[in-house]
Amino acid sequence: MVEIELDGKAVEVPQGSMVMHAANKLGTYIPHFCYHKKLSIAANCRMCLVEVEKAPKPLPACATPVTQGMKVFTHSARAVEAQRSVMEFLLINHPLDCPICDQGGECQLQDLAVGYGKSSSRYDEEKRVVFHKNVGPLISMQEMTRCIHCTRCVRFGQEVAGVMELGMVNRGEHSEITTFVGQTVDSELSGNMIDLCPVGALTSKPFRYGARTWELGRKRSVSPHDSLGANTTVQTKANKVMRVVALENESINECWISDRDRFSYEGLNSADRITTPMVKQGGQWLETDWQSALDYVAHSLKTIAAESGHEAIGALAHPISSTEELHLLQKIIRGLGSNQVETRLRQSDVKSAASAPWLGMPITKLSELDRVLVIGSFLRKDQPVIAARIRTAAKRGLQVSRIDAGGDDWLIPSSGIAATPSAWLNCLSEVALAVAKEKSTTAPVGTFNLSISPEAQKIADSLLSGERTAVLLGSAAIAHHHASDLHIMAQFIADQTGATLGFLPVGGNAVGASLVNANGVGVESVLSGDRRAVILMNIEPDSDLPNPSQARQALSKANTVIALSSFKSPDLLEVADVILPISTFTETVSTFVNAEGRAQTIQPAVKPLGDSRPAWKVLRVLGGLLELDGFLFNMPEEVLGEALPENYCTRLNNNASSSSIVNGNLAPFNGLERLADVNIYAGDPIVRRSSALQLTRDAKRGNQVALNSATFSELGLKEGDAVRVTQGSQSVDMPASLEVNLAPGAVRISAGTVASAKLGSMFGPVTVSKA
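Residues numbered from 1 in each chain as written. Predicted model: local features only at pLDDT ≥ 70, side-chain atom pairs only at ≥ 80, totals over all residues. Heavy atoms only, no water.

**Considering the overall build of the chain**
- Summing up its helical and strand segments, the chain has 23 helices and 33 strands in all.
- Expected size for 771 residues packed as a compact globule is a radius of gyration near 28 Å; at 28 Å, the chain falls within 12% of this value.
- Along the longest, intermediate and shortest principal axes, the C-alpha atoms of the chain span 90 × 65 × 55 Å.
- Across the 771 residues of the chain, 61% fall into the buried class.
- When contacts within the chain are restricted to residue pairs at least 6 apart in sequence, long-range pairs at least 24 apart make up 73% of them.
- Accessible surface for the chain amounts to roughly 29,700 Å². Of this, 51% is attributable to carbon and sulfur atoms. (Helix = DSSP H or I, 4+ residues; strand = E, 2+ residues; numbered from the N terminus. Rg over C-alpha atoms; globule rule 2.2 N^0.38 Å. Buried < 20%, exposed > 50% of the residue type's maximum accessible area, 1.4 Å probe, protein only. Contact = heavy atoms within 4.5 Å. Areas by Shrake-Rupley, 256 points an atom, 1.4 Å probe, with all protein chains shown as cover.)

**With respect to the UniProt feature "domain: 4Fe-4S Mo/W bis-MGD-type" (unreviewed entry) in the chain**
- Per the UniProt record, the feature "domain: 4Fe-4S Mo/W bis-MGD-type" (unreviewed entry) sits at residues 216-272.
- Taken end to end, residues 216-272 comprises 9% helix and 35% strand; its first and last C-alpha atoms sit 25 Å apart. (UniProt positions renumbered as here; feature names shortened; annotations may be inferred.)

**Focus on the pattern of salt bridges**
- Tallying each qualifying case throughout the model produces 38 salt bridges.
- Across the pair Asp-97 and Arg-146 runs a salt bridge, and its minimum N-O distance is 2.9 Å. Of this pair, Asp-97 sits in the loop between helix 2 (77-90) and helix 3 (108-116) while Arg-146 sits in the loop between strand 7 (139-141) and helix 4 (152-161); the two residues are 49 residues apart in sequence, bridging distant segments of the chain. By the burial criterion, Asp-97 is buried, and Arg-146 matches it.
- Note that Glu-176 and Lys-133 form a salt bridge whose closest N and O atoms lie 2.9 Å from each other. Placement of the pair is Glu-176 in strand 9 (residues 176-179) and Lys-133 in strand 6 (residues 133-134), with a sequence separation of 43 residues.
- Given the relative accessible area of 22%, Glu-176 is considered partly exposed.
- Relative accessible area serves as the criterion here: at 13%, Lys-133 is assigned to the buried category.
- Here the salt bridges do not stand alone but share partners, grouping Asp-272, Glu-540, Asp-544, Arg-688 and Arg-689 into one network. (Salt bridge = Lys/Arg side-chain N within 4 Å of Asp/Glu carboxyl O.)

**Considering the domain arrangement of the chain**
- Per the domain assignment, the segments making up the chain are domain 1 (1-92), domain 2 (278-352 + 510-646), domain 3 (363-503) and domain 4 (673-770).
- For domain 3 and domain 4, the distance between their C-alpha centroids amounts to 25 Å.
- Taken together, the contact between domain 3 and domain 4 spans 18 residues of the former and 18 residues of the latter.
- Counting each side, the surface lost to burial between domain 3 and domain 4 is near 1,300 Å², with a carbon and sulfur contribution of 67%.
- Area buried by domain 3 at its contact with domain 4 is led by Phe-378, Lys-381 and Gly-407, which between them contribute 38% of it.
- Summed over the shared surface of domain 3 and domain 4, the number is one salt bridge.
- Put simply, domain 3 and domain 4 have five residue pairs in polar contact (both at pLDDT 80 or more) between them. (Domains from an automatic or database assignment. Buried area = accessible area lost by both parts, 1.4 Å probe. Polar contact = N/O pair within 3.5 Å; in protein donor to acceptor, adjacent residues only side chain to side chain.)

**Examining the sheet that holds strand 22 (residues 500-503)**
- In spatial order, the strands read 20-19-18-21-22; together these five strands make up an open sheet with parallel pairing. The sheet is open, and its two edges are formed by strand 20 (414-418) and strand 22, each paired on a single side. Taking each pair of neighbouring strands and ignoring which way they run, the sheet shows an average axis angle of 15°.
- Pairing analysis gives five bridges linking strand 18 (residues 371-375) to strand 19 (residues 399-404), with the strands arranged parallel. (Pairing = 2+ DSSP bridges. Axes fitted to C-alpha atoms, helices over the stretch in contact; angles between N-to-C directions.)

**Digging into helix 20 (residues 615-625)**
- Taken together, the buried positions of helix 20 are Ala-615, Trp-616, Val-618, Leu-619, Leu-622 and Gly-623. Looking down the long axis of helix 20, one finds its buried residues gathered within 155° of arc, a one-sided arrangement.
- The inward-facing, buried residues of helix 20 contact helix 7 (290-308), helix 8 (323-335), strand 23 (533-537), strand 24 (560-565), strand 25 (578-581) and helix 21 (636-643).
- Two residues or fewer after helix 20 comes Glu-627, characterised by a positive phi angle close to 60°. (Arc of directions from axis to C-beta.)

Structural data, given as structure tokens:
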């Protein structure tokens, strides 16, 4: 530790710290623009100049290392004069357009200009002008003349997002921030540049001219779009969500959120919102009142339970649903005597599934790992902020190994095995055999003797050499048709190497769903065609289920399909018989349990739209109409208290219910094989209705079929050519896209899209021909 004196106060900071760090520790504010605690030091705005004893001139606090006995003066006459001089230079070319600037009211330059600026400018020459740039549907660079060249956006791209999409060209007064020629900003974390920009140069394009910042109400919230549970602030005006920004929480999302978290609010006010209960009669949809709709539902469920047995009733719920809602839904289904309730919508193999899978560690521990093996994950798109945390850890020495189908660039240095999904179990078996050999033990029962590839040996050596290691199963491994075997093999590897076994859960409340027992016998059982009544909560069959055509067929056999939904869609209107309009997460008290098992409760930011009602209230009333016990709740806190007792964390469990491999030494498919990710902007009904997100490159990527170089050459394709994809008896024409690093034989076709709704399951053989 080094002790210095800052404005007459003694403070100790670690050796190598800067003066700015010492000031922050004391709570002393030093004006700055380019400095940010999560980014590297640039020292190019010079606003943080301070006086240091015996120094011949003022020094930048952000880039001046502390030395023992140093005396610093942050508000001396010399320091303030230097800061005022810098502000005068910064304002030379800055336009005087605060009244029309979207940053007005929350602008760092505006605030500091009040304290350090002059009442008039001495600069009489012409001001420079920087032409606007179109960098995509999310970020507006219409007024780049406002830019003060702090380079926060450039450094964020390089250091956090992992890709340098913005850079500085030219020199001196002619410097400007721009993209590479003809390119847009496409990172899934790009919206953080808006928060980082201290002026109005980078602003939100969807929010542009929507409201003034001082008109907005604010509520703390949580993003339900992935299992991180990123903390956000929801900003509202006139009972409408106008903007979502990051809320700092070092233990979860630091100060970052993904573009999915930031811009999906557009979907909340979609034209598809349902605000009145609807019942289908004679093939026509009719609006009705709540009492009539609920009486109809209760009568239908009672009749079917009496005539067809209790197991004839089932329910599917999207993990975007809150803990309170999921608890009451499963309570109704189980109260009726059925076990047919499920939220693991894309997980077909649940034979040995863990009872309550979770990350296996606090999220902050990801930053401390020195070895990690990630199996079957689209990490960067599934978990953007977790990927950023792992990317930062990789810069500190974390070795990242992966087993998947390749093609998905994580922007993280990594090594591993790229293979088609049918070969993943064998690849993992090779790693297990290499580990077993080193540990002088036997591999799991059912594992065949395979030759250990150099890549598998390298993964095993990496895990065995680490002190803080983890084995993580991603979304594709969870959805895999041999997910149980992958789980057993991963658990063996973790146990033998001393690693933590964890899951990257799919959905904002996937962990909460397991904790409240909202998972039963698997989605395939609910959609077997034997259910006479099915309740769908926040589900759109074509987009949320693993085999849409099979799901529609099964639902068509039911006597009654009851949908609790905030939105209408063609597929839902086709299969449902009654729709009960429920509120979104911003309109009701909601609790979400994130990947590390942390329960976070949020309060409503706006009132329910129209005649919609919170789903927990709808289910509470429905339970009463069905004459079931235990539905006398007055407040959501009472529901949560029953759903998650104080010791709920003891239920978290990653252990497989079996230790024997069933499908060891599988023969790989001959020919092409489907690999299905869930497109980053197609994961839930809200995100799918964000118009800005659907214009991004990532959203468009979901409507393309990705092929590797060999398949491209074999079919004589060029980028964008139409191809016909056939899976079983179903075919669809799609534009082709080249993914160089995709494993030989793999064909990536995203799930949750219009095209995938016309195909079969997420994995299996496919054929591709030129259309």
